[in-house]
There are 2 protein chains.
Amino acid sequence: MGSVANLQTWQEKVDWARAKRDASLAKVEPKLTGIPDAADSLPLSSQDLPKTVLTEREIEITEQYGIVQLLGLLRERKITVEEVTRAFLRRAALAQVATNCLTELLWDQAIARAKHLDSLPEPRGALFGLPISTKEHHGMVSAASANVTTSASFVAWVGKPHEGPNLLYDTFWNEGCVFFARTTQPQTIMHLETESNVYGRTVNPYNRELSSGGSSGGESALLGMRGSILGVGGDIGGSIRCPAAHVGIYGFKPSIKRIGTAGFRNVGAGKETIQGCPGPMTVDRDGLELFMKVALAAKPWRIEPSLTVKEWTPHKFTKPLKIAVQWWDGVVKPHPPMIRALREVADACGKAGMEVVDWDCTGLDHQKGWDILSALYWPDGGKEVLGLLKESGEPILPLTKFIIHEQPTVKEMTQHELWKLCVERDAYRTRYAQAWSQTASNEDGSGEVDVILCPPSFGAATPHGQSRYWGYTAHWNLLDYPAAVFPVTTVDPALDAKDLDYVPKNEQDKFVYDMYSPEKFKDAPVSLQVVGRRQEEEKVLAALGEIERAMGRG
Amino acid sequence: MGSVANLQTWQEKVDWARAKRDASLAKVEPKLTGIPDAADSLPLSSQDLPKTVLTEREIEITEQYGIVQLLGLLRERKITVEEVTRAFLRRAALAQVATNCLTELLWDQAIARAKHLDSLPEPRGALFGLPISTKEHHGMVSAASANVTTSASFVAWVGKPHEGPNLLYDTFWNEGCVFFARTTQPQTIMHLETESNVYGRTVNPYNRELSSGGSSGGESALLGMRGSILGVGGDIGGSIRCPAAHVGIYGFKPSIKRIGTAGFRNVGAGKETIQGCPGPMTVDRDGLELFMKVALAAKPWRIEPSLTVKEWTPHKFTKPLKIAVQWWDGVVKPHPPMIRALREVADACGKAGMEVVDWDCTGLDHQKGWDILSALYWPDGGKEVLGLLKESGEPILPLTKFIIHEQPTVKEMTQHELWKLCVERDAYRTRYAQAWSQTASNEDGSGEVDVILCPPSFGAATPHGQSRYWGYTAHWNLLDYPAAVFPVTTVDPALDAKDLDYVPKNEQDKFVYDMYSPEKFKDAPVSLQVVGRRQEEEKVLAALGEIERAMGRG
């Protein structure tokens, strides 16, 4: 490939990036056969594609095992790392054809790594042989020792080397994982969908007319195709939880500073008003806890000193959970399948002996929260990011316009305006925390609500271009509360009829209401979200376990 | 007293504030006798004044007991709260005459509170009956239910009510303490001395020609006179540690967000770049831990959600301490008594079996740290604070000019300039953390330096107006490392001769070198500082205990 430095137009740079991606996919051996050539002729759902393309053994390896089980087989050497790696590499390549979720397949590096691990006299590390997929803007200079693409979806950064180690990825590498695929994210990494000028649009593996969510929507599409078993996303407004929810996998957003972001390539470096946090996206619940445990056992705060000094400390409940159900956020009414999912899970929890109460947040004014948050995303008025788009000349996509130009709160602030808004943010957080504390029956906090059960989105995956309401995920970023999403059901037109009598309360509510018809979303996964108080990551995952057990899951 | 609203000039407002203070002091009963009338005729050291003014019993109560011991007597009702309260009230009034450390004596409120506590059928609370003094800009609306002064030393705020509860003080109140005195701070609360237009200058109780330090220099003067046993300060550049060190008491600055600042009155609300943290100033080491334990047992994060979710978790060393001695910071050479104190304590630690190594930080460029920090104190170029001074017309004091106008780094920044500087700050912190981690002999961190032993200032208390080098305390604010100061020795001209051969390395070094002559500082307390890694508050206090035991203290 030629150097990107000589390219003139943004389109040429895009061609260069896609050629690099395609070259990485061309390595796949044996070639994928049995799939239609063009996207036009692909089925609406990609869920049946693997059967016609992959071998039985590949399907067994990629579908039959949970993360812990697969790690057990690898550690006992009942299966080689290379066989596992090759199976996921081929399935990831198929996921790319089906959903356009990859920026790069790390074929050579992954196989070399697998062979190395297989050659060790003893298996070593908590992630020995586990394939891990990674979001493209997460630099991984030292871990993979590979010249991976890290353009963060900005055409201006295509082909521009990114430096600096990624502590999280180095940790996983030291624990024996295999990095094998890099995944797409949207322009600016600030959409709840995944479309960029560099790689185009990523689609939902359950329905190509729906989004895989965003911004970690390459990961979700890949995991939703079971082309990966554990992926790394990041979340500043829903970017782990929204895509995980849209494909029916598990996702977890910790409070900020629990997991580090060193080595990530992004705009807004040094901005402190609202921050994101990396987290796991996985095919099962165990994967969430494994990710956290391994990441924190390395004591990352010794190297990245802004991180919270706290190893993973599993939480044990000593009495039945007290769950508050947020049926809606007071701004936008969820679609019928989401309300059904809430009811089903709340009923199961009640039957299992938990205390289930309502989380009525109308008095807490979530809209006000969004007004604060949307302004704090861009204290420079979006100047930096818009400048970067202008630098290459790439077009500004509609959802970029939505989150910058169409938010009336966004403007370049003076320091004093910024301070004032941070005071408002802190006052809002305080009001919310106090409302939570007031659920306690005793002064010491016992009898307090343990977790909030709520939608991770107004509905199932949205049709492309329509993810224009962030409230169900972003609110917990504003508050910095940890939150996990988990799959519950799928849209069933027989159960999820449109409520024809509902009168929308405002414009956003109307936009979301008008979007719904059961047929449009048929069979799309519907997920829920468990939210805990700030820095109570361990409690959230423990609560998720209790809730799933109440649902009859192991 | 008339309303402040009708006053025209800043001097009239000052007179109003001082009259309010004086009226509170006029309540003292019996009146103080046996002291010279005017400050001019006061002795250089105030340490012998109590003997001629207070009763033997008052001296016993205020001098003879440590905090834990006094609490024991109170809890067992071997002494009444009222007797203790009256003794400290009178001694505080004497401290005011001697050092000008008070903004208000809470005579009526404290005695009413004491009577109430004495009337309870059972003693109640971890701080039952303990007198606590508080820095003036700490609002305490709900706790004391008193209309206390909270002008934060700004003439513009004199007489202007301050609202909002102070969670920390409410906690102490709920645990049974008695608030009895409010103490001075300097203009802007950003000097390492204590002088304001509102209350004038606070002086050192060991030598009135020296400063009591700042910004919590009212507390230090009061505690240095034993007019209080436990005070609350705050620290963003040394404001607890510098004054504590200058009067030979104990002080502790936690990492930010361990103790809350809700209810404080100050400029810079909403500024996140560098933040302060409240902490204890006490007559003994036990008081430091008591403060932290009680403050955190209340789980303040349930109400003030930005706080770190972590109760006090005492640290136990399982092997001898590894201490790194920072003999100087590479910028300004400490005065001879400070170097002697370091040597004495390092020797004692070595003899007690600890591993003592050098902390050579010349490669870590502390000057660069100051350049970042001094800019981050005022991202608005000082506009807000200077505007507040202008509003009343009060003169800008020299040490205000020093920390704003004379710092070449200070300027009003755009958001992008601020982000860039925060990135530099984080990179600096990372370099420092990595240097610390590299002291470990093993990858898991064992064998790592536990704490740094270093000066809390270039020397003993400075002559007034000369606290123009913050490096020895402020550096740990930049890094957000917890740090405790403790008394070690006093300046002894026989031991602490000036090094006449020393050639200063730079202008600041020369300024500090030229300041020293042993006679000027004779008998002034000399203290040291123990610094730990970020968020390792418990470890720092445990290390301080080990070090003091090595010094032969109980």
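Residues numbered from 1 in each chain as written. Chains lettered and ligands numbered in written order. Predicted model: local features only at pLDDT ≥ 70, side-chain atom pairs only at ≥ 80, totals over all residues. Heavy atoms only, no water.

Caption draft 1: The sheet that holds strand β10 (residues 277-282) of chain A, seen in detail. All names here are of chain A. Spatially, the eleven strands line up as an open sheet ordered β1-β3-β2-β8-β10-β9-β14-β15-β13-β11-β12, and their pairing is mixed. Either end of the sheet is taken by a strand with one partner, and the two such strands are β1 (102-105) and β12 (355-358). Averaged over all pairs of adjacent strands, the angle between strand axes in this sheet comes to 25 degrees, irrespective of strand direction. Examined bridge by bridge, strand β2 (residues 131-135) and strand β3 (residues 178-183) share five bridges and lie parallel to one another. Bridge pairing links Lys135 to Thr183 in β3. (Pairing = 2+ DSSP bridges. Helix = DSSP H or I, 4+ residues; strand = E, 2+ residues; numbered from the N terminus. Axes fitted to C-alpha atoms, helices over the stretch in contact; angles between N-to-C directions.)

Caption draft 2: Quick peek at the interface of chain A and chain B. Each partner contributes residues to the interface: chain A has 41 residues there, and chain B has 41 residues. Considering only the surface of chain A that becomes buried against chain B, Arg302, Gln415 and Trp419 of chain A emerge as the three largest contributors, covering 24% of it. Taken together, the links from chain A to chain B amount to four salt bridges. In this structure, Arg425 of chain A and Glu272 of chain B form a salt bridge, with 2.8 Å as the shortest nitrogen-oxygen distance. (Contact = heavy atoms within 4.5 Å. Buried area = accessible area lost by both parts, 1.4 Å probe. Salt bridge = Lys/Arg side-chain N within 4 Å of Asp/Glu carboxyl O.)

Caption draft 3: Region of interest: the packing of aromatic side chains. Considering all chains together, one arrives at 36 aromatic pairs over all chains under this definition. Arranged with centres 5.1 Å apart and planes meeting at 70 degrees, the rings of Phe172 of chain B and Phe291 of chain B form a pair that is edge-to-face. In this pair, Phe172 of chain B sits in helix α8 (residues 167-174) while Phe291 of chain B sits in helix α11 (residues 285-297), placing the two residues 119 residues apart along the sequence. Residue Phe291 of chain B is classed as buried on the basis of its relative accessible area of 1%. Among the aromatic residues, ring-to-ring pairing joins Trp359, Tyr428, Tyr432, Trp436, Trp476 and Tyr481 of chain A into one connected group. (Phe/Tyr/Trp six-rings, centres within 6.5 Å; stacked < 30°, edge-to-face > 60°. Buried < 20%, exposed > 50% of the residue type's maximum accessible area, 1.4 Å probe, protein only.)

Caption draft 4: Quick look at the relation of the copies chain A and chain B. Rotating chain A by 180 degrees about the axis while translating it 0.0 Å along that axis superimposes it on chain B, leaving an RMSD of 0.0 Å. In the structure described here, the two chain copies are related by an operation that fits a two-fold rotation axis. Take the interface residues of chain A: 100% of them recur as interface residues in chain B, which is what a same-surface contact looks like. (Least-squares fit on C-alpha atoms with pLDDT ≥ 70 in both.)

Caption draft 5: Structural view of helix α17 (residues 471-479) of chain B. All names here are of chain B. When you tally the buried positions in α17, you get nine out of nine residues, the bulk of the element. Among the residues making up α17, those that are buried are Gly471, Tyr472, Thr473, Ala474, His475, Trp476, Asn477, Leu478 and Leu479. Looking one or two residues beyond α17, the residue adopting positive phi is Asp480, at roughly 60 degrees.

Caption draft 6: A look at the nonpolar core. Residue and element names in this part refer to chain B. Ranked by internal contacts, the top residues of the largest apolar core, which has 117 residues, are Leu105 and Phe172. Per element, the largest residue contribution to this core is ten residues, and it comes from helix α5 (residues 81-99). Not counting residues within four places of it along the chain, the set of residues in contact with Phe172 comprises Leu127, Ile132, Cys177, Phe179, Val232, Phe291, Val294 and Ala295. (Core = buried A, V, L, I, M, F, W, Y, C linked by side-chain atoms within 4.5 Å.)

Caption draft 7: Expanded view of the pattern of salt bridges. All names here are of chain B. A complete count under the given rule lists 78 salt bridges over all chains for this structure. The salt bridge partner of Glu344 is Arg340, with a shortest N-O separation of 2.9 Å. Here Glu344 and its partner Arg340 are both found in helix α12 (residues 336-351), four residues apart, which amounts to about one turn of the helix. The buried category is assigned to Arg340, whose relative accessible area is 12%. Lys539 is the partner of Asp450 in a salt bridge, and the nearest nitrogen-oxygen pair spans 3.1 Å.

Caption draft 8: Inspection of the packing of helix α16 (residues 415-437) of chain A against helix α17 (residues 471-479) of chain A at higher detail. Residue and element names in this part refer to chain A. Two elements in contact, α16 and α17, have axes whose closest approach is 9 Å; the angle formed by their N-to-C orientations is 105 degrees. By the criterion of interaxial angle, the relationship of α16 to α17 is roughly perpendicular. For the pair formed by α16 and α17, the contact residues are Arg425, Tyr428, Arg429 and Tyr432 on the first element and His475, Trp476, Asn477, Leu478 and Leu479 on the second. (Parallel < 35°, antiparallel > 145°, perpendicular 65-115°, else oblique.)

Caption draft 9: Structural detail: the sheet that holds strand β11 (residues 322-325) of chain B. Residues and elements named next belong to chain B. The eleven strands lie next to each other as β1-β3-β2-β8-β10-β9-β14-β15-β13-β11-β12, forming an open sheet whose pairing is mixed. A strand with exactly one partner marks an edge of an open sheet, and here the two such strands are β1 (102-105) and β12 (355-358). Pairs of neighbouring strands in the sheet enclose a mean axial angle of 25 degrees, with direction left out of account. Strand direction decides the pairing type here: strand β8 (residues 230-235) and strand β10 (residues 277-282), joined by six bridges, are antiparallel. Pairing of Gly231 across the sheet is with Met281, part of β10.

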